[in-house]
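Now for the letters of each chain:
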Amino acid sequence: MFCKGEKNNINEYQLSDKINPLTIVGLILLFSVILTVGEQSQYLFSLIFVLGLLFLFSIRKAFRTICSLLIVWGLIYLLKPHLGNVLVGSIYTMLLIVLKFAPLFILGRVLSSYSSSHLIAAFRKIGIDGGIGIGITVFFRFIPEISIRMKEINNGMKIRGFKASIFKPIKTFELYFVPLMYKCIDISDTLTCSIISKGIEYDGQKTSFHEVRFTFIDIAMMIGGMILLGVSLWKIF
């Protein structure tokens with residue numbers, strides 16, 4: 001019998017097997033163009049699309065993401081009347097950028113839900129092997145790890161009596177950046193040993209537990225992304 005956490009992991013695994021990670025990568029490329037050249041309507045469709053995708057992977061993550069977006073939108077609304085201040089203007093611009101490219105961040109979070117072996121197998125399927133495939137895989141798998149380390153830093157700051165503030169950006173940057181760098185160096189050593197122990201240096205033919213193939217769901221999502229891209233480009237010309 002499985003415990004509750006193990007059942008959730010199995011359900012996530014089965015869902016990730018139904019959606020090819022290369023589809024998520026393709027959507028990231030498509031939405032990068034859509035969010036750059038598209039109008040507000042295309043942005044809203046993109047945001048709803050990626051939130052629905054995240055909802056399929058994790059309801060909890062989807063609700064947390066929606067709450068975060070609402071907080072960012074609220075801060076933008078509150079800061080707009082005070083744009084005469086340089087600091088407020090900088091924070092306002094940063095929040096606008098975060099809100100503008102939120103669909104890409106959400107897709108990155110979805111891609112980080114896949115295991116490293118699944119991502120490597122997917123990239124190997126299209127001929128991206130070796131350092132490039134490993135680099136992309138490590139980047140997206142490192143996103144959840146950064147979140148965990150940031151929580152550890154927050155707990156350490158509370159114990160020592162330090163407080164982060166958006167009105168003291170330099171001090172806040174120091175409080176997070178220095179310990180995060182030390183933690184990343186420690187993680188890099190562990191990661192290197194893990195990669196070597198899994199036989200990444202082996203020159204022979206490699207196999208994978210994951211069967212990487214495109215399904216109807218992948219095709220439908222890519223068609224939806226291409227339609228959004230076509231509408232965005234059509235309105236420009």
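Residues numbered from 1 in each chain as written. Predicted model: local features only at pLDDT ≥ 70, side-chain atom pairs only at ≥ 80, totals over all residues. Heavy atoms only, no water.

Caption draft 1: Quick peek at the side chain of Ser 112. In this structure, Ser 112 sits in the loop between helix H6 (102-111) and helix H7 (116-125). For Ser 112, a relative accessible area of 4% gives the class buried. A polar contact of 2.6 Å, which involves the side chain of Ser 112, links it to the backbone oxygen of Arg 109. Contacts of Ser 112, omitting those with residues within four sequence positions, involve Phe 140, Arg 141, Ile 143 and Pro 144. (Helix = DSSP H or I, 4+ residues; strand = E, 2+ residues; numbered from the N terminus. Buried < 20%, exposed > 50% of the residue type's maximum accessible area, 1.4 Å probe, protein only. Polar contact = N/O pair within 3.5 Å; in protein donor to acceptor, adjacent residues only side chain to side chain. Contact = heavy atoms within 4.5 Å.)

Caption draft 2: Layout of helix H4 (residues 59-79). Taking 1.5 Å per residue, 21 residues should reach 30 Å; H4 reaches 30 Å between its end C-alpha atoms and fits that length. Within H4, burial applies to Ala 62, Thr 65, Leu 69, Val 72, Gly 74, Ile 76 and Leu 79. In this fold, the buried residues of H4 make contact with helix H3 (40-57), helix H5 (86-100) and H6. (Expected span 1.5 Å × (residues − 1).)

Caption draft 3: Layout of the packing of aromatic side chains. Counted by the stated rule, this structure contains four aromatic pairs. Seen in terms of ring centroids, Phe 31 and Phe 49 are 5.8 Å apart; in terms of plane orientation they differ by 80°. Their pairing is edge-to-face. On the criterion of sequence distance, the pair formed by Phe 31 in helix H2 (residues 21-37) and Phe 49 in helix H3 is long-range, its members being 18 residues apart. Where Phe 55 meets Phe 63, the ring centres are 6.5 Å apart and the plane angle is 75°; that geometry is what we call edge-to-face. In this structure Phe 55 comes out as partly exposed when scored by relative accessible area, which is 39%. (Phe/Tyr/Trp six-rings, centres within 6.5 Å; stacked < 30°, edge-to-face > 60°.)

Caption draft 4: Representation of the packing of H3 against helix H10 (residues 216-236). At a minimum axis distance of 10 Å, the contact between H3 and H10 shows a crossing angle of 165°. With respect to each other, H3 and H10 are oriented roughly antiparallel. Judged by the sense of rotation from one axis to the other, the crossing of H3 with H10 is left-handed. Facing Ser 41, Gln 42, Phe 45, Ser 46, Phe 49 and Leu 53 of H3, the residues of H10 in contact are Met 221, Leu 228, Val 231, Ser 232 and Lys 235. Broken down by class, the residue content of the contact of H3 with H10 amounts to six nonpolar, four polar and one charged. (Axes fitted to C-alpha atoms, helices over the stretch in contact; angles between N-to-C directions. Parallel < 35°, antiparallel > 145°, perpendicular 65-115°, else oblique. Left-handed = near helix turned anticlockwise from the far one by under 90°. Nonpolar A, V, L, I, M, F, W, Y, C, P; charged D, E, K, R; others polar.)

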